[in-house]
Amino acid sequence: MFGRRRKKRDQETGRTAKDAPESRRGAAGAVSFGNEIEPERPTAQTPKEADRHRANGPWDSGEDAPDLQRMDLGSIRLPVQQGSQIQVNLTKDAQGKQRIIGVTLVLGKTWLQVRPFAAPKSSGLWDERRAEILDQIAKEGGRAEEHEGTFGTEIKALLPVKGRTTEDGKQVAEPVRFVGVDGPRWLLHGVIRGEGAIRPEKMGEVEQIFAGIVVVRGDQPVPPGDMLTITVPKKIQEQMAQAAKTRAAQRAAGGSANGDAPGGTAAGPAQA
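Residues numbered from 1 in each chain as written. Predicted model: local features only at pLDDT ≥ 70, side-chain atom pairs only at ≥ 80, totals over all residues. Heavy atoms only, no water.

S.K.: Please explain the overall build of the protein chain as it appears in this structure.
M.R.: Across its full length, the protein chain holds 4 helices and 14 strands. Within the protein chain, buried positions represent 38% of all 272 residues. Sequence separation of 24 or more characterises 59% of the internal contacts of the protein chain that already satisfy a separation of 6 or more. Accessible area of the protein chain: about 16,000 Å², with a carbon and sulfur share of 49%. (Helix = DSSP H or I, 4+ residues; strand = E, 2+ residues; numbered from the N terminus. Buried < 20%, exposed > 50% of the residue type's maximum accessible area, 1.4 Å probe, protein only. Contact = heavy atoms within 4.5 Å. Areas by Shrake-Rupley, 256 points an atom, 1.4 Å probe, with all protein chains shown as cover.)

S.K.: Sorry, what's going on with the nonpolar core here?
M.R.: Generally speaking, soluble globular proteins have nonpolar side chains that are buried together. Formed by 32 residues in total, the largest nonpolar core has its most connected members in I76, V103, L188 and F210. The set of elements that each furnish at least two residues to this core consists of β5 (76-79), β6 (85-92), β7 (98-107), β8 (110-118), β11 (171-183), β12 (186-194), α3 (200-211) and α4 (234-252). If you tally residues by element for this core, the top one is α3, at 4 residues. Contacts of L188, omitting those with residues within four sequence positions, involve P58, I76, V114, R115, P116, V179, G180, V181, F210, I213 and V215. One finds F117, A119, I155 and V191 within the second-largest nonpolar core, a separate group that totals 13 residues. (Core = buried A, V, L, I, M, F, W, Y, C linked by side-chain atoms within 4.5 Å.)

S.K.: What exactly am I supposed to notice about α4 here?
M.R.: Think of an α-helix as turning once every 3.6 residues; residues three or four places apart then point the same way. The end-to-end C-alpha distance of α4, which contains 19 residues, comes to 27 Å, matching closely the 27 Å that a straight helix rising 1.5 Å per residue would cover. Taken together, the buried positions of α4 are I236, M240, A243 and R247. For α4, the arc enclosing every buried residue in end-on projection is 65°, short of the 170-degree limit, so these residues lie on one face. Facing away from the buried side of α4 by more than 90 degrees, the exposed set consists of K234, K235, K245 and A252. (Expected span 1.5 Å × (residues − 1). Arc of directions from axis to C-beta.)

S.K.: Please clarify how α3 should be interpreted in this entry.
M.R.: With 12 residues, α3 ought to run about 16 Å at 1.5 Å a step, and its terminal C-alpha atoms sit 16 Å apart, in line with that. Residues of α3 that are buried: M203, V206, E207, I209, F210 and A211.

S.K.: Before we go on, may I ask you to explain the pairing of β6 in this structure?
M.R.: Both faces of the sheet carry side chains from a regular strand, because those side chains alternate between them. Here β6 lies mainly inside the structure; 6 of its 8 residues are buried. Sheet topology note: the β6/β7 ladder contains 8 bridges and is antiparallel. Its bridge partner being in β7, Q87 is matched across the sheet by T104. (Pairing = 2+ DSSP bridges.)

S.K.: How should I be thinking about the environment of P233 in this particular structure?
M.R.: Tracing the backbone shows P233 in the loop between β13 (214-215) and α4. Expressed as a C-alpha distance, the spacing of P233 and D72, which sit 161 residues apart in the sequence, is 7.8 Å. Setting aside anything within four residues of it in sequence, one finds P233 in contact with D72 and L73.

S.K.: What am I meant to see in the environment of G152 here?
M.R.: Note on placement: G152 falls in strand β10 (residues 152-165). Owing to a relative accessible area of 1%, G152 belongs among the buried residues under this scheme. With 98 residues separating them along the chain, G152 and R54 place their C-alpha atoms 8.8 Å apart. Not counting residues up to four positions away in its chain, the partners in contact with G152 are H53 and H147.

S.K.: Sorry, what's going on with the pairing of β12 here?
M.R.: Most of β12 sits inside the fold, with 8 of its 9 residues counted as buried. Examined bridge by bridge, β8 and β12 share 9 bridges and lie antiparallel to one another. What sits directly across from V114, in β12, is G190. Alignment of β11 against β12, held across 8 bridges, turns out to be antiparallel. If you follow G180 over to β12, its bridge partner there is H189. Between β11 and β12, which follow one another and run antiparallel, lie 2 residues, and R185 among them has a positive phi close to 70°.

Any functional reading would require information that these geometric values do not contain.
The following block contains the structure:
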């Protein structure tokens, strides 16, 4: 649990090879027993309490993360599995230009949307962001409750699906999980829909993917709460463009395009 932070600890304390214990001197001259134990020096910054919720991930780029196949998306490195799909979630800014607001990993009938944010050094953002999510859910007529999960406090919610009702006229609701993990100067926010929000075995699978994510905060100044930049490799952009054309043709022919992330606009999917 603690070995993965050794590299960062040494950087913070400034410890180098010259700080090693000096050889002892005896009657025969210099003697080194090779087993001297030097007391650990205090780190420059005490780990935040929230770090205990990511003992097995998600990971910071300065830590020794497990060796997994990951896709480099700039501020995050996303674990991929055979048969999974990656969608890039887009929106338009005031000038009408598209910008990336997250990425969604599609695992069968489970959707995991991921968004990385900048956070302050001294405290996390998840408590504040969670309160905002609960308020928004209430305004939209949904129901939600906080729950202690693998990554600490998460939100389990039932969100109304616009335009859908049951045969007896009741509003259709969708189960959704909101998870968040505070790391060193970052917050990783995840939204889980589909089977990963309700079926225990699928919940474990998607949590394993989320825990395998590596966040690359970088040294550039980013205001706390702003999203860290996600970049998409050219090859993936080409795959998503082709997939978008296919979906457009399906819609024009009166068919349906499967695989879109619920509740968001997605460009893709791209095969992992």
